[in-house]
Amino acid sequence: MTVISFKESLSENKPPQNISVYLKALWYEGKGEWDKAHQLIQDVDDSNAAWIHAFLHRKEGDISNADYWYHHAGKKRPAISLKKEWDEIVMALI
């Protein structure tokens, strides 16, 4: 899967088959389904999940919770748009 094909899949009703839980969460977030994305990622315990979790809370506007998860991901909250960060996470995880 490429970044382009992943983004194109957002026009579909279901996420692509055989993608990681990370990409599935990002897919749902890209479809505007924050709760579904959060549900998928909240119990995954690694730095990639923490990064996505941080992003989701940043998007939600819960900055202190986002910063907690960025810390667990070994990252700092970026000073870029949410769209740009979503793109960066997708590119890193494809």
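Presented here is a report on the structure given in the accompanying data block. (Residues numbered from 1 in each chain as written. Predicted model: local features only at pLDDT ≥ 70, side-chain atom pairs only at ≥ 80, totals over all residues. Heavy atoms only, no water.)

## Description of unusual backbone geometry
- We note that Asn18 has phi near 60 degrees; this positive angle belongs to a residue other than glycine.
- Of note, Asn18 is situated in the loop between helix 1 (3–8) and helix 2 (21–30).
- On the basis of relative accessibility, which here comes to 80%, the residue Asn18 falls in the exposed class. (Helix = DSSP H or I, 4+ residues; strand = E, 2+ residues; numbered from the N terminus. Buried < 20%, exposed > 50% of the residue type's maximum accessible area, 1.4 Å probe, protein only.)

## Overview of the packing of helix 3 (residues 34–41) against helix 4 (residues 47–60)
- Contact pair helix 3 / helix 4: the axes reach a minimum separation of 10 Å and the direction vectors enclose 150 degrees. With respect to their mutual orientation, helix 3 and helix 4 come out roughly antiparallel. Taken as a pair, helix 3 and helix 4 cross one another with a handedness that is left-handed. Note on element contacts: helix 4 touches helix 3 through Ala49, Ile52, His53, Leu56, His57 and Glu60, opposite Trp34, Ala37, His38 and Ile41.
- Among the residues forming the contact of helix 3 with helix 4, the class breakdown is six nonpolar, three polar and one charged. (Axes fitted to C-alpha atoms, helices over the stretch in contact; angles between N-to-C directions. Parallel < 35°, antiparallel > 145°, perpendicular 65-115°, else oblique. Left-handed = near helix turned anticlockwise from the far one by under 90°. Contact = heavy atoms within 4.5 Å. Nonpolar A, V, L, I, M, F, W, Y, C, P; charged D, E, K, R; others polar.)

## Details of the packing of aromatic side chains
- Throughout the structure, instances matching the rule amount to three aromatic pairs.
- Aromatic side chains Tyr68 and Trp69 sit 5.1 Å apart centroid to centroid with 90 degrees between the ring planes, which places their arrangement in the edge-to-face category.
- Assessed through its relative accessible area of 45%, Tyr68 is described here as partly exposed.
- A cation over an aromatic ring shows up here: Lys36 above the ring of Tyr28, its NZ or CZ 5.5 Å from the ring centre.
- Over the ring of Trp51 we find Lys75; its NZ or CZ atom is 4.2 Å from the centre of that ring. (Phe/Tyr/Trp six-rings, centres within 6.5 Å; stacked < 30°, edge-to-face > 60°. Lys NZ or Arg CZ within 6 Å of the ring centre and 35° of its normal.)

## Let's talk about the pattern of salt bridges
- Applying the stated criterion across every chain yields a total of five salt bridges.
- A salt bridge links Glu29 to Lys59; the shortest N-O distance between them is 2.5 Å. Here Lys59 lies in helix 4 and Glu29 lies in helix 2, a separation of 30 residues in the sequence.
- On the basis of relative accessible area, Lys59 is assigned to the partly exposed category, the value being 40%.
- One salt bridge connects Asp87 with Lys83, and the closest N-O pair in it is separated by 3.2 Å. Taken together, the residues Asp87 and Lys83, both in helix 6 (residues 82–93) and four residues apart, mark about one turn of the helix.
- On the basis of relative accessibility, which here comes to 13%, the residue Asp87 falls in the buried class. (Salt bridge = Lys/Arg side-chain N within 4 Å of Asp/Glu carboxyl O.)

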